[in-house]
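# Observations on the three-dimensional arrangement
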Amino acid sequence: MRTARVGLRVSAGQRRRCFGLLVSAGDVWACVLDMNRWRRQRGLRPVVGYQALCRELSAAGPGTFGELDSVGARSVLRRYSDAWFATAKRRKDGEVAARYPRRKRRLMPVRYYHGTFTLDGRRLRLPAGRGCASLWVRLDRPVPYEAGQVRSVTLVAEGGRLFVDVTAEVPITAYPPEREPDPGRMAGVDPGLIHPFAVAGPDGEGLVVSGRAIRAETHLHLKDTKHRRRTVSRQAPKPGQVGSRRWRKYRARQRKIEARHRRRVRQAQHEAARQVITWATARRIGTLVVGDPRGVLALTAGRRHNQRVQAWRIGHLLKCLRDKAEQAGIGLVLVDERGTSSTCPTCRRRVPKPKNRNFTCTWCGFSGHRDLVGGANIARRGPGGTITTTSMFPVVITHRRAGRHLPGAGRSRRDPRRSPHHGTAYGVPWPAVARPTRSGESLAHHSEDQPTPPPQRGKRWLTRH
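Once a new chain begins, its residue numbering starts again from 1 and follows that chain's sequence as written. In view of the model being predicted, local features appear only for residues whose pLDDT reaches at least 70, and side-chain atom pairs are presented and counted only at 80 or more, with totals across whole chains, interfaces and linings using the full set of residues. In computing side-chain values, all of the structure's heavy atoms are included and hydrogens and water are not.

When helices and strands are tallied, the protein shows eight helices and 15 strands. Exposure classes here rest on a 1.4 Å probe applied to the protein chains alone. A residue is buried below 20% of its type maximum, exposed above 50%, and partly exposed in between. Considering the protein as a whole, with its 465 residues, one finds that 38% of them fall into the buried category. We call two residues in contact when some of their heavy atoms are within 4.5 Å. Sequence-distant contacts in the protein: of pairs separated by 6 or more residues, those separated by 24 or more amount to 67%. Roughly 28200 Å² of accessible area belongs to the protein as shown, and the carbon and sulfur atoms make up 51% of that amount. Here a helix means four or more residues in a row that DSSP labels H or I, a strand means two or more in a row labelled E, and each is numbered from the N terminus. Values of accessible area rely on a 1.4 Å probe in the Shrake-Rupley scheme; residue burial ignores everything except the protein chains shown.

On to the nonpolar core. Buried Ala, Val, Leu, Ile, Met, Phe, Trp, Tyr and Cys residues form a nonpolar core when they are joined through side-chain atoms within 4.5 Å. Ranked by internal contacts, the top residues of the largest apolar core, which has 43 residues, are Leu-68, Tyr-80, Tyr-112, Val-153, Leu-155 and Val-166. At ten residues, helix 1 (residues 12-41) tops the list of elements feeding residues into this core. Counting 30 residues, the second-largest nonpolar core is a separate cluster that includes Val-209, Leu-318, Cys-320 and Ala-402.

Quick look at the state of the cysteines now. To count as a disulfide, a pair of cysteine sulfur atoms needs to be within 2.5 Å. Counting across every chain of the model gives zero disulfides. Cys-364 carries a free sulfur, and the closest cysteine sulfur to it, the one in Cys-344, is 3.6 Å from it.

Turning our attention to the environment of Gly-368. With respect to the secondary-structure elements, Gly-368 resides in strand 14 (residues 367-369). Note: C-alpha distance between Gly-368 and Pro-394 (26 residues apart in sequence) is 9.0 Å. Apart from residues no more than four positions distant in its own chain, Gly-368 is found in contact with Arg-357, Asn-358, Phe-359 and Phe-393.

For helix 1, built from 30 residues, the straight-helix expectation of 44 Å at 1.5 Å per residue is met to within 8% by its first-to-last C-alpha distance of 43 Å. Immediately downstream of helix 1, the backbone of Gly-43 shows phi near 75 degrees, a positive value. One less than the number of residues in a helix, times 1.5 Å, gives the span that helix is expected to have.

This next bit is on the layout of surface pockets. In the cavity and pocket records, a cavity denotes points on a 1 Å grid over the protein atoms alone where a 1.4 Å probe fits but cannot get out, a pocket denotes an open set with protein on both sides within 12 Å along at least 5 of 7 lines, and lining residues are residues with an atom within 4 Å of a point. Grid points are joined across faces, edges and corners, and a volume is the space filled by probe spheres set on the points. The space that makes up the largest pocket amounts to roughly 1500 Å³. Lining the largest pocket are 44 residues; nearest its centre among them are Leu-193, His-305, Arg-308, Val-309 and Trp-312. Nonpolar residues are Ala, Val, Leu, Ile, Met, Phe, Trp, Tyr, Cys and Pro. Charged residues are Asp, Glu, Lys and Arg, and all others, Gly as well, are polar. Its residues assigned to classes, the lining of the largest pocket comprises 15 nonpolar, 14 polar and 15 charged.

We now examine the pattern of salt bridges. Salt bridges are identified by distance alone: a Lys or Arg side-chain nitrogen within 4 Å of an Asp or Glu carboxyl oxygen. Counted by the stated rule, this structure contains 15 salt bridges. Of the charged contacts in the structure, one is a salt bridge between Asp-165 and Arg-5, with a shortest N-O distance of 2.8 Å. Placement of the pair is Asp-165 in strand 7 (residues 161-168) and Arg-5 in strand 1 (residues 2-9), with a sequence separation of 160 residues. A salt bridge links Glu-217 to Arg-264, with the shortest nitrogen-to-oxygen separation between them at 3.6 Å. Taken together, the positions of Glu-217 in helix 4 (residues 212-231) and Arg-264 in helix 5 (residues 245-282) put the pair 47 residues apart, joining distant regions of the chain. We classify Glu-217 as buried; its relative accessible area is 2%. Judged by relative accessible area, which is 21%, Arg-264 ranks as partly exposed. Shared partners join several salt bridges into a network, and the residues in it are Arg-5, Glu-158, Asp-165, Arg-262 and Arg-266.

Further remarks concern the packing of helix 2 (residues 50-60) against helix 3 (residues 70-92). A packed helix pair is summarised by two numbers, namely the angle formed by the two axes and the spacing between the axes. The interhelical angle for the contact between helix 2 and helix 3, taken along N-to-C directions, is 140 degrees, at an axis separation of 9 Å. Relative to helix 3, the element helix 2 is oriented oblique. The chirality of how helix 2 crosses helix 3 is right-handed. Across the interface between the two elements, Tyr-50, Leu-53, Cys-54 and Leu-57 from helix 2 touch Ser-70, Ala-73, Arg-74, Leu-77, Arg-78, Tyr-80 and Ser-81 from helix 3. Partitioned by chemical class, the residues of the contact of helix 2 with helix 3 number seven nonpolar, two polar and two charged. Comment: axis = line fitted to C-alpha atoms, over the contacting stretch for helices; angle = value between 0 and 180 degrees taken between N-to-C directions. Comment on the angle field: the value is read as roughly parallel under 35 degrees, roughly antiparallel over 145, roughly perpendicular from 65 to 115, and oblique elsewhere. A crossing counts as left-handed when the near helix is turned anticlockwise from the far one by less than a right angle, and as right-handed when that turn is clockwise.

It is worth spelling out the sheet that holds strand 15 (residues 396-401) at this point. Two strands qualify as a pair provided DSSP detects at least 2 bridges between them. With respect to topology, six strands assemble into an open sheet ordered 12-11-8-9-10-15, the strand pairing being mixed. Pairing within the sheet leaves two strands with one partner each, and these edge strands are strand 12 (331-336) and strand 15. Neighbour-to-neighbour, the strand axes of the sheet open up by a mean angle of 25 degrees, direction not taken into account. With six bridges connecting them, strand 11 (residues 285-292) and strand 12 associate as parallel partners. Among the inter-strand pairings, Asp-292 is bridged to a residue of strand 12, identified as Asp-336.

With that settled, consider the sheet that holds strand 6 (residues 150-158). The strand order 2-6-7-1-5-4-3 describes an open sheet built from seven strands, whose pairing is antiparallel. Of all strands in the sheet, those with a lone pairing partner are strand 2 (110-113) and strand 3 (118-120), marking the two edges. On average, each strand axis in the sheet is inclined to that of its neighbour by 30 degrees, with strand direction left out of account. Across four bridges, strand 4 (residues 123-126) lies against strand 5 (residues 135-139) in antiparallel orientation. Note that in strand 5 the partner of Arg-125 across the bridge is Trp-136.

All right, on to the environment of Arg-111 then. Mapped onto the elements of the fold, Arg-111 is located in strand 2. We classify Arg-111 as partly exposed; its relative accessible area is 32%. Sequence separation of Arg-111 and Val-166 is 55 residues, and the distance between their C-alpha atoms is 9.7 Å. With residues near it in sequence (within four places) discarded, Arg-111 still touches Val-71, Gly-72, Ser-75, Ser-152, Val-153 and Thr-154. We define a polar contact as two N or O atoms separated by no more than 3.5 Å, with the added condition that, inside protein, one atom must be a possible hydrogen donor and the other a possible acceptor, whereas residues neighbouring each other in sequence contribute only through side-chain atom pairs. Within the structure, Arg-111 has its side chain in polar contact with the side chain of Thr-154 (distance 3.1 Å).

Before going further, it helps to spend a moment on the environment of Ala-4. Examined against the element boundaries, Ala-4 turns out to sit in strand 1. Considered as a pair, Ala-4 and Val-153 are 149 residues apart in the sequence and their alpha carbons are 9.7 Å apart. Ignoring anything within four residues of it in the chain, the contact list for Ala-4 reads Arg-141, Pro-144, Tyr-145, Val-164, Asp-165 and Val-166.

Written out as structure tokens, the structure is:
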């Protein structure tokens, strides 16, 4: 099952009806929360089963939640039931910090299953309640799946914009004979902050996917958010005071920027996962052994590192890799990665964890990329942490980048959130304009082969770093 997010092109009336459906779905969610809270206060058992919730919805009668029909309302009930039982299972397994659904939301996604909607090219028909006309909307791009593969559509809102999540059932990739992935060929994957994926594969080959553009996007977004918050701090309403129109416009602008930032990071993580699967498919790798770092995310390591870990979004990163691996017919196994980046892959001895990206063993003198060292050690581990295979450290390393669509990632663009380049005036575009030549002087005199004249006293020279 794969899901693609497609934007909507709607008129003012269609936009008002779409948000009305989302608000009605939020009312359904709030009613379920209030009902179970009242039952808990009276010492009664909560109503959490999907069938029991549907009976309560039927007792409410038609037209209770505006234009929202029973199909959309039942999708909200199914979401609540699944979340409640998932939390109950986590608490039964010993995770006492797991909380049951308790927060109300103004807007809730509405899902329509196969047979209740109509998808005709770039036009989508959503059902409405009794006595209301069906809602026809237009998609801003074609759906990347065939019409017979689509199983459900979900109406969502993010940052003031309307989207439709189209879920389709796609077949597993078919390979020609003797080109399909071999389950016996394993590769270790070490997820990280700077490099989303570092893969140590068989035959001495490795892959390093750089995520510095993602880190720069996160850093600049955080910096811009802090600056904007300081600017409007004096105009913020007091606690308990109703916000003004100016404050509501600021909040809408803030939600729009946050949604754009999340879309950029999600797209970059999808690109990183796609590069790993493409590289593994070309080498017939059938099993990916991935280190799971979520066991140490709750450890306090200072406010700076805690902020980096919070912006990492490792859950979405692993989900992208798992979905693409399943479609490619590649198995994925999660193992504990504790100690993999501080263990020498040659002599198997523990060494102090290096601060930079280069790993050097003080016992045998081995040296290599720290993330690839972690990937090579992860490839030897099984689900229980035991050493299962022998994997040599990569000799041939392939480097890829993720997030080329991010602003400032290319040489021809510069992120407007960055401070001006040192040595240039504020507002000068990047790259800087070439130094003009004197009249009658050929351009060959200033070619790159000629030595650069030394700077004169009192003048500043532009140097590209």
